[in-house]
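This is what each chain is made of:
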Amino acid sequence: MSAIQPNALQLATTGFLARFEGNSGLRTDPIRRRAAETLRHIGLPTQREEAWHFTSLRPLAGIAFQGVHTTHDHGHDLLARMSGISGPRLVFVNGRHDTAVSEMPDFTTVGEPTLNEPDDAVSMLNTMFADDGAHIEIPPGVDAESILLVSLGVADGEPVAFHPRHRIQLHPGARLTLIDVSLGRGTYLNNPVFDIEVAEGATLVHLRLQDDATDAFHLSSVRANIAARGTYDSFALTLGARLARMEVHANLAGEHGAAHLNAAQLLGGVQHADFTTVVAHDAPSCASRQTVKNVLTGKSRGVFQGRIEVARIAQKTDGYQMNQALLLSPDAEIDSKPQLQIYADDVKCSHGATVGELDLDQLFYLRSRGISEPDARAILVRAFLAEALDPITHDQTRALMENAIEAWWQGRHI
Amino acid sequence: MLEIKGLCAGIEEKEILRGIDLVVPQGEVHAIMGPNGSGKSTLSYVLAGREGYEVTAGTATFEGHDLLDMEPEQRAAAGLFLAFQYPVELPGVGNANFLRTALNSIRRARGEPELDAVAFLKMARLEIKRLAMADDMLKRNVNVGFSGGEKKRNEVLQMAILRPKLAILDETDSGLDIDALKIVADGVNASRGPDFSALVITHYQRLLDYIVPDRVHVLSAGRIIRSGGPELAHELEAHGYAGVVNEAA
């Protein structure tokens, strides 16, 4: 009789559970407890599960992630990249609020989050461990302008894992631009969850830059509830992490709500990044827009899964989804899965996907004008991304994103 | 300036140019006329360095340098310019940025100082005015949503800004109404001088009423079968290609 060898995912699951059980503060909380029990029973998702078909969490196995300890290196030098962004800022180092470099915004508190029952694996993991986060609550009718939320992952020795839980509430008519940046160095797991409430007529612009360390893991989940005439307008630029999964669950709960879940993923080497969205149209006359652009080099792999669920009541739904990929190497791969579940009969829903290489006619045209081949390629890639970046009206963030893309490009000569 | 000897070239094993001999001296404008399928566009693409064409025999030198050994961008830096028959659209690329990047790439390759945005715009606006073009030309994406005439004018604008030593105009007259044709011709004529040569490739004689060439060459089945002065274009117009081709055969 041979012993049954646990597979990689079971090992990873066991690692998280052991860390949970070893923390008396966490394990006594009933909501965390239930999340842990669920994880114990079903384990981390395998690729046999439809939602995880294209993304494997096996690389998490064998890495002994530690809960956060105080590090000698606070990573404050990494903040230099944010110097062009003015206004209040919240900085979290390894998931802990760092008062020394934060400038507390109005309407904001930080500390232990209010947890709710998770419904996806990424959030479940967060729920077990989340012990810090920002709570931003914008009062009715207030335009709070912008808040910069920075997550620094700093693993100077042991791999660390952190699981911040942020709660963003916009009361009726409120406005906020949340600039959400994650950076770091070393091997770490960044597992943030955002619980978002956009009340009637409120607008949240969520601009995200994921530039985590090349050895890092990024597993994030956004759950946004959007009331009538509310708008959740998000753009996520993914550049970093060896394995990344961003989930966005947007629930359009009131008439004339809008959800824009746009993204760009620029990957190289053996990076794997997955952008998974679920838009639930639960009310009539709502609009959802998703434009996802992938630029893939090396042996990288990009995934976009977009599900649009239109409830029977959600007549006059306007849903649009487009996934475009530029493959700059023969070994790069894109997986694209649109899913439309429509139960109403008067709706407009479209989706599309394109995959291609750089256009040879365009390359030749540029080169015939004296532009070198690398420059010509860079111009065409930037042009490909322009459509995704153009809606960013916050100039400072736009510049931050463009600089990040430029640095990415400079670092990877193709 | 440009010397082509015994040039044979083709695409995907199909031979299109079958021994071209042509010399364009400095300061002269030559026209190449020929029926469809005679190899006019292939010649322009081979000279500009487009991928996919295979040169099987012959040489082409530009100011004594082996043109066929240079990358397209090196040819541009050396002073060669191809005005495309079908200018390519570049969505997401602004025309001003494109032109400045091109100009500065060429200046850099020549060891000249680059132009900053202000100096460039000043120069570009001057050229636009001289070519009687709309001001918004610079703000739009390269050739995107341009009419056929606007695209050709944009080619001439690029030529005016990049100031090549040799311009190859590949059927620049196709799809142009008479007013646009005049503007394009004026643009080329304005560049004429001792330091500017051009190879004007056209199907019709019409363009040559406005850009009067020093020499006219007739291309047929991949060879130049006749050369002559500007009057040859009128002969072609009167008798058609069939007459000239039969006579040469």
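Counting starts from 1 at the beginning of each chain's written sequence and moves along it residue by residue. The naming scheme follows written order: chains are lettered A onward, ligands numbered 1 onward. Given that this is a predicted model, residues contribute local features only at a pLDDT of at least 70 and side-chain atom pairs are listed and counted only at 80 or more, while totals for whole chains, interfaces and linings are drawn from all residues. To get the side-chain values, all heavy atoms of the structure are used, and hydrogens and water are removed first.

**Digging into the domain arrangement of chain A**
Residue and element names in this part refer to chain A.
So, point 1. Here chain A is described as being made up of domain 1 (72-360) and domain 2 (361-414).
So, point 2. An automatic or database domain assignment provides the domain bounds reported here. The centre of domain 1, based on its C-alpha atoms, is set 23 Å off from the matching centre of domain 2.
So, point 3. The contact definition used throughout considers only heavy atoms, calling two residues in contact when any of these lie within 4.5 Å. Opposite the 32 residues of domain 1 that make contact, domain 2 presents 24 residues.
So, point 4. For the domain 1 and domain 2 pair, buried surface summed over both sides reaches about 2500 Å², with 73% attributable to carbon and sulfur atoms.
So, point 5. We define buried area as the total accessible area lost by two parts upon association, computed with a 1.4 Å probe and summed across both. For the domain 1 face of the interface with domain 2, the top three residues by lost area are Lys293, Leu358 and Asp359, together amounting to 21%.

**Focus: the sheet that holds strand E11 (residues 215-220) of chain B**
All names here are of chain B.
So, point 1. Paired strands, as defined in this entry, are two strands with at least two bridges between them according to DSSP. To qualify as a helix, a DSSP run of H or I must reach at least 4 residues; to qualify as a strand, a run of E must reach at least 2; elements of each kind are numbered from the N terminus. Judged by pairing direction, the sheet is mixed, and its six strands sit side by side in the order E6-E9-E10-E3-E11-E12 without closing on themselves. The sheet is open, and its two edges are formed by strand E6 (80-83) and strand E12 (223-228), each paired on a single side. Each adjacent strand pair in this sheet contributes to an overall mean axis angle of 20°, direction not counted.
So, point 2. Bridge analysis of strand E3 (residues 29-33) against strand E10 (residues 197-202) gives five bridges, and the strand direction is parallel. Considered in E10, the bridge of Val29 is made with Ala198. Every axis corresponds to a line fitted to the C-alpha atoms, with the helix fit spanning only the stretch in contact, and the corresponding angles, defined between N-to-C directions, vary from 0 to 180 degrees.

**Quick word on the environment of Pro374 of chain A**
So, point 1. Here Pro374 of chain A lies in helix H6 (residues 373-389).
So, point 2. For the pair formed by Pro374 of chain A and Ala130 of chain A, sequence separation is 244 residues and the distance between their alpha carbons is 44 Å.

**Considerations on the pattern of salt bridges**
Any two side chains of opposite charge can pair if their charged atoms end up close together.
So, point 1. Just to be clear on terms, a salt bridge is a Lys or Arg side-chain nitrogen sitting within 4 Å of an Asp or Glu carboxyl oxygen. Inspection of the entire model under this criterion finds 44 salt bridges over all chains.
So, point 2. Residues Arg165 of chain A and Asp195 of chain A are paired through a salt bridge, measuring 2.9 Å at the closest nitrogen-oxygen approach. Highlighted residues: Arg165 of chain A in strand E7 (residues 165-170) and Asp195 of chain A in strand E10 (residues 193-198), separated in sequence by 30 residues. The residues Arg165 of chain A and Asp195 of chain A share a single accessibility class, namely buried.
So, point 3. A salt bridge links Arg245 of chain A to Asp274 of chain A; its shortest N-O distance comes to 2.7 Å. Placement of Arg245 of chain A in strand E14 (residues 243-252) and of Asp274 of chain A in strand E16 (residues 272-281) is noted, with a sequence separation of 29 residues between them. There is no split in this pair, since Arg245 of chain A and Asp274 of chain A are both buried.
So, point 4. When salt bridges with common partners are traced through the structure, they connect Arg367 and Glu373 of chain A together with Glu51, Glu71 and Glu73 of chain B into a single cluster. Only protein chains enter the area calculation, which uses a 1.4 Å probe; residues under 20% of their type maximum are buried, those over 50% are exposed, and those in between are partly exposed.

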